[in-house]
Amino acid sequence: MVRVTGGPVTARSRAGPAGLLLVVAGAAWVWMVTRRGGMRAMPGTMGLGLPAFLAVWTLMTAAMMLPATAPVAALYARTITVHRAPRMVVFTVAYLLVWAAAGLPAYGLAAGLGRAASLPAATGTAVAAAVFAVSGLYQLTPLKDRCLARCRSPIGLMLRYASYPRTSRDLRAGAHHGAFCLGCCWSLMVLLAAFGVMNLWAMVALTAVITAEKLAPAGHLIARVVGFASIALAVAVFWFPALAPGLTGGGMAGM
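Predicted, not measured: the structure shown is a model, and the values here were computed from it.

Draft legend 1. Focus on a positive patch on the surface. Together, R146, R150, R160 and R172 give the surface a local cluster of positive charge. Looking at the element boundaries, R146 is found in helix 5 (residues 142-152).

In structure tokens:
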């Protein structure tokens, strides 16, 4: 049975797990800001091999995803009565492992798009338009709506997680929520291929979008607006290739 209590104790129980995720996200942001200099202008995989790319990818997703996940983690923590801190660590690690696994296809995509960036400018522009279009169209699909609804209203997930065996509950709960988060946000993360994987300003903007989609009252509307905006970018990039510096080598690459 899911137990949710109120009052001052609840406030303290929320602060702990939410604070854990925010600390991890903050540390990831510090690393990204201080270490990005040598990679910022490089397209594709940034010259990294698969292990190094997966490490950077996992840190990047931790920085971008954990702030919006903190409220769900706090809600899950309220269902835990003993050993809360270590169990929340397991939940968070399982969540990040889902995103780490997503780094495998992300590496393949980045490698392919990196090659496209070395082709004539018109080819890079066409690939950028396809990236924007795919991202925008997914934002408008029922699957996006379903995954976003689970992230925005996770009470039903808490009831599901309560039915898991105790020995594997935290691991399965973190991975399950991570899968819904991946289904919700992969279309936004793929935009980094167009903007540049280590484009700090793009990361900040997309983090704001992800957080607003999940936490703002008008989150569903924001998701649709972003979808239409991405489709508009798919058209505009033919006239303004610098909109996709990661694929066209435009003026924003140095950012």
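Still more to cover.
Draft legend 2. Quick look at the pattern of salt bridges. This structure, assessed with the given rule, holds 3 salt bridges. One salt bridge connects K144 with E213, and the closest N-O pair in it is separated by 2.8 Å. Taken together, the residues K144 in helix 5 and E213 in helix 9 (residues 200-215) connect sequence positions 69 residues apart. You'll find K144 and E213 in the same group, each marked buried.

Draft legend 3. Examining the packing of helix 2 (residues 50-77) against helix 6 (residues 155-162) more closely. Where helix 2 contacts helix 6, the axes come no closer than 10 Å and their chain directions differ by 45°. Considered as vectors, helix 2 and helix 6 are oriented oblique to each other. Note on packing geometry: the crossing formed by helix 2 with helix 6 is right-handed. Listed contacts from helix 6 to V72, L75 and Y76 of helix 2 are I155, M158 and Y161. For the contact of helix 2 with helix 6, the residue count by class is 6 nonpolar, no polar and no charged.

Draft legend 4. Just unusual backbone geometry, in detail. Positive phi is not limited to glycine here, since H83 has a value of about 55°. For H83, the location among the structural elements is in the loop between helix 2 and helix 3 (84-117). What makes H83 exposed here is its relative accessible area of 58%.

Draft legend 5. A look at the nonpolar core. In terms of nonpolar packing, the biggest core is built from 71 residues, with M60, M64 and W99 touching the most fellow members. Setting aside its immediate chain neighbours within four residues, M64 contacts W29, M189, L192, M203, L206, T207 and I210.

Draft legend 6. Focus on the packing of aromatic side chains. The final tally for this structure, using the stated rule, is 7 aromatic pairs. For the ring pair Y76 and F91, a centre distance of 4.8 Å and an interplane angle of 20° mean the geometry is stacked. With Y76 in helix 2 and F91 in helix 3, the pair connects residues that are 15 residues apart, well separated along the chain. In terms of burial, Y76 and F91 fall into one category: buried. Through pairs of rings, three or more aromatic residues link up here, namely Y76, F91, Y161 and Y164. The lysine or arginine in question, R172, covers the ring of Y164, its NZ or CZ lying 3.9 Å from the ring centre.

Definitions and cut-offs
Residues numbered from 1 in each chain as written. Predicted model: local features only at pLDDT ≥ 70, side-chain atom pairs only at ≥ 80, totals over all residues. Heavy atoms only, no water. Patch = residues over 30% accessible without salt bridge, like charges linked within 9 Å, V, L, I, M, F, W, Y side chains within 5 Å. Areas by Shrake-Rupley, 256 points an atom, 1.4 Å probe, with all protein chains shown as cover. Salt bridge = Lys/Arg side-chain N within 4 Å of Asp/Glu carboxyl O. Lys, Arg positive; Asp, Glu negative; His and termini not counted. Charge placed at Lys NZ, Arg CZ, Asp CG, Glu CD. Helix = DSSP H or I, 4+ residues; strand = E, 2+ residues; numbered from the N terminus. Buried < 20%, exposed > 50% of the residue type's maximum accessible area, 1.4 Å probe, protein only. Axes fitted to C-alpha atoms, helices over the stretch in contact; angles between N-to-C directions. Parallel < 35°, antiparallel > 145°, perpendicular 65-115°, else oblique. Left-handed = near helix turned anticlockwise from the far one by under 90°. Contact = heavy atoms within 4.5 Å. Nonpolar A, V, L, I, M, F, W, Y, C, P; charged D, E, K, R; others polar. Core = buried A, V, L, I, M, F, W, Y, C linked by side-chain atoms within 4.5 Å. Phe/Tyr/Trp six-rings, centres within 6.5 Å; stacked < 30°, edge-to-face > 60°. Lys NZ or Arg CZ within 6 Å of the ring centre and 35° of its normal.

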